[in-house]
Amino acid sequence: MSVFHLGLIINPLAGLGGPAALKGSDGVAAEALARGAEPRAAERTRIALECLRPVAERLQFITFPGPMGADLLAELGYAHRVLGSLGQGPTTAADTQAAVRELQDAGCALILFAGGDGTARDVCSAVREEQPVLGIPAGVKIHSAVYAISPRAAGLMALRLIEGGLVRLSSGEVRDIDEAALRDGKVGSRHYGEMCVPVEGEFMQHVKQGGMESEELVLVDLADWLAESWEEGVRYVFGPGSTLHGLAQNLGLETTLLGVDVIESGQVIARDVTEAQLFALIDGHPARLLVTAIGGQGHIIGRGNQQISPRVLRAIGLEHLRVIATKRKLGTLEGRPLRVDSGDPALDEAFPDAVRVWSGYREELLYPLA
């Protein structure tokens, strides 16, 4: 059974300023505590984590010490690994930023963080563009579009992902109110950036006969997106299969149905390449790898595309892997994860717990990988 690595960051000071009538908690946690406010972020996080009990045996959390996550996970009995260290005294924005950097370096498929808009700002300042995160609302101000509507909703979203449900990725805006101005009766917010967040994975599908997703129209949409995304001087490796072949046809490219082809600057530069030919073309050259999943089975590497060998994968870089699959194809897996079988166990272990899947025009899903 594969293990799903889930990051957790709790801002233990989040929400303190609300009960103390301080209109927020940024910079006033000590005053809030002096007024009798009690920390609430851990209890809000507990609600989210209780939703994950059905998949507890498949989970390993990665977190920061003490009140930033380790204490609660130990109390709940979840398997977890603790990174980093904390100094004396209350936690700070720098602690949150350090936790974000270490958790994404550890390969967390999703980072859960509990706090408010100030916490979201701290996470945003340290997170990479491609790292999915999800906020558990625990602060006074929740204006940012990176939070679930409730702690339970955050937990159920994470559960859906781990169980193999379709979870679409989107860009969520981070906003925060100027608390000092708010205390003076002036309301104003600023845009601080955007983060990659999962959103409710309802099917956003083109409709044809029987209300089913139209594969043909989806491939047209995907071709449009890829055409807008071509990077000059980058070699694109198209794996075998009808999905990638249909995508290429919509781009006006003649590729092989069951072979591996290489495209550069909108032109096919090599068709039906061997492993040795492919490695020679991409070794030391910027490249992207496009593969699809075998319907009903889920393999993206190691079935019908052995030309994409371990040394080819390392030369391209796992971060440059793009999985292309319609929601109908993913639906044939019935919640089972995507799979890799490169022939190199160490490399297989290096793959993330979940991958981004292009499933429509500017539509990405986050899907588990075993």
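For the structure, check the block above.
Heads up: these notes are all about the structure in this document. What you see as residue numbers is a count from 1 along each chain, following the sequence as written. Selection of residues for local features in this predicted model requires a pLDDT of at least 70, selection of side-chain atom pairs for listing and counting requires 80 or more, and totals for whole chains, interfaces and linings are taken over all residues. Heavy atoms throughout the structure, all of them, feed into the side-chain values; hydrogens and water do not.

**So, the overall build of the protein**
- Secondary structure follows DSSP: runs of H or I at least 4 residues long count as helices, runs of E at least 2 residues long count as strands, and numbering of each begins at the N terminus. Within the protein, the secondary structure is distributed over 13 helices and 16 strands.
- If you take every contact in the protein between residues at least 6 apart in sequence, the share linking residues at least 24 apart comes to 65%.
- Methods summary: accessible areas were calculated by the Shrake-Rupley approach with a probe of 1.4 Å, and residue burial reflects only the protein chains presented. Carbon and sulfur atoms form 50% of the exposed surface of the protein, whose accessible area is close to 15,900 Å². The contact rule is simple, with two residues in contact once any of their heavy atoms fall within 4.5 Å.

**Considerations on the sheet that holds strand β4 (residues 110-115)**
- What makes two strands pair is DSSP finding at least two bridges between them. The strand order across the open sheet built from five strands is β3-β2-β1-β4-β5, with neighbouring strands paired in parallel fashion. At either end of the open sheet lies a strand with only one pairing partner, and these are β3 (80-82) and β5 (133-137). Each neighbouring strand pair of the sheet contributes to a mean axis angle of 25 degrees, computed without reference to strand direction.
- The pairing of β4 with β5 spans five bridges and is classified as parallel. The residue bridging L112 from the neighbouring strand is L134, located in β5.
- Orientation is described by lines fitted to C-alpha atoms, with helices fitted over the stretch in contact, and by angles between N-to-C directions that extend from 0 to 180 degrees. In the packing of helix α4 (residues 93-105) onto the sheet, contacts are made with β1 (4-10), β2 (59-63) and β4, and the angle to β1 comes to roughly 175 degrees.

**Section: α4**
- Helix length check: α4, at 13 residues, gives a terminal C-alpha distance of 19 Å against a target of 18 Å (1.5 Å per residue), a fit within 8%.
- Buried means the residue's accessible area, taken with a 1.4 Å probe over protein chains only, is under 20% of the maximum for its type, while exposed means over 50%, and partly exposed covers the values in between. Within α4 the residues assigned to the buried category are D95, T96, Q97, A99, V100, L103 and Q104.
- Those residues of α4 hidden inside the fold are in contact with β1, β2, β4 and α5 (117-126).
- Directly beyond the C-terminal end of α4, a positive phi value near 85 degrees is found at G107. Multiplying 1.5 Å by the helix residue count minus one yields the expected span of that helix.

**Details of the nonpolar core**
- In terms of nonpolar packing, the biggest core is built from 35 residues, with L49, L52, L59 and F61 touching the most fellow members.
- Elements that contribute at least two residues to this core include exactly β1, α2 (41-50), β2, α3 (70-76), β4, β5, α6 (151-162) and β6 (167-177).
- If we ignore the near neighbours within four places in the chain, the residues touching F61 are L6, L8, L49, L52, L73, Y78, A79, H80 and R81.
- What is meant by a nonpolar core is a set of buried Ala, Val, Leu, Ile, Met, Phe, Trp, Tyr and Cys residues, joined one to another through side-chain atoms within 4.5 Å. Residues V260, A270, F279 and L321 belong to the second largest nonpolar core, which totals 33 residues.

**Here's the deal with the pairing of strand β13 (residues 321-324)**
- Where strand β11 (residues 287-291) lies against β13, three bridges are found, and the strand directions are parallel. Directly across from L290, in β13, lies its bridge partner R322.
- Note that β13 and strand β15 (residues 354-360) share two bridges and pair parallel. Residue pairing in the sheet places I324 in a bridge with W358 of β15.

**Considering unusual backbone geometry**
- Non-glycine residue E334 carries a positive phi angle of around 50 degrees.
- In this fold, E334 is placed in the loop between α12 (327-331) and β14 (339-340).
- By relative accessible area, which is 67% here, E334 ends up exposed.
- Even without being glycine, R362 reaches a positive phi, approximately 50 degrees.
- Note that R362 resides in the loop between β15 and β16 (363-368).

**Regarding the packing of aromatic side chains**
- For Phe, Tyr and Trp, where Trp contributes only its six-membered ring, two rings pair if their centres lie within 6.5 Å, and the inter-plane angle classes them as stacked under 30 degrees, edge-to-face over 60, or tilted in between. Evaluation of the coordinates by the stated rule reveals four aromatic pairs.
- Taking the centre distance of 3.8 Å and the plane angle of 10 degrees together, the rings of W225 and W358 count as stacked. Here the residue W225 occupies a position in helix α8 (residues 215-229), and W358 occupies one in strand β15, the gap between them amounting to 133 residues. The two residues W225 and W358 agree in class, both being buried.
- Here the aromatic rings of W230 and Y236 are separated by 4.6 Å at their centres, their planes lie at 85 degrees, and the arrangement is edge-to-face.
- With relative accessibility at 26%, the residue W230 sits in the partly exposed group.
- Residue Y236 is classed as buried on the basis of its relative accessible area of 4%.
- The criterion is that NZ of a Lys, or CZ of an Arg, lies within 6 Å of the ring centre and within 35 degrees of the ring normal, and then a charge sits over that ring. The ring of Y192 is capped by R121, whose NZ or CZ atom sits 4.0 Å from the centre of that ring.

Without other data, these values stay purely geometric and don't point to any function.
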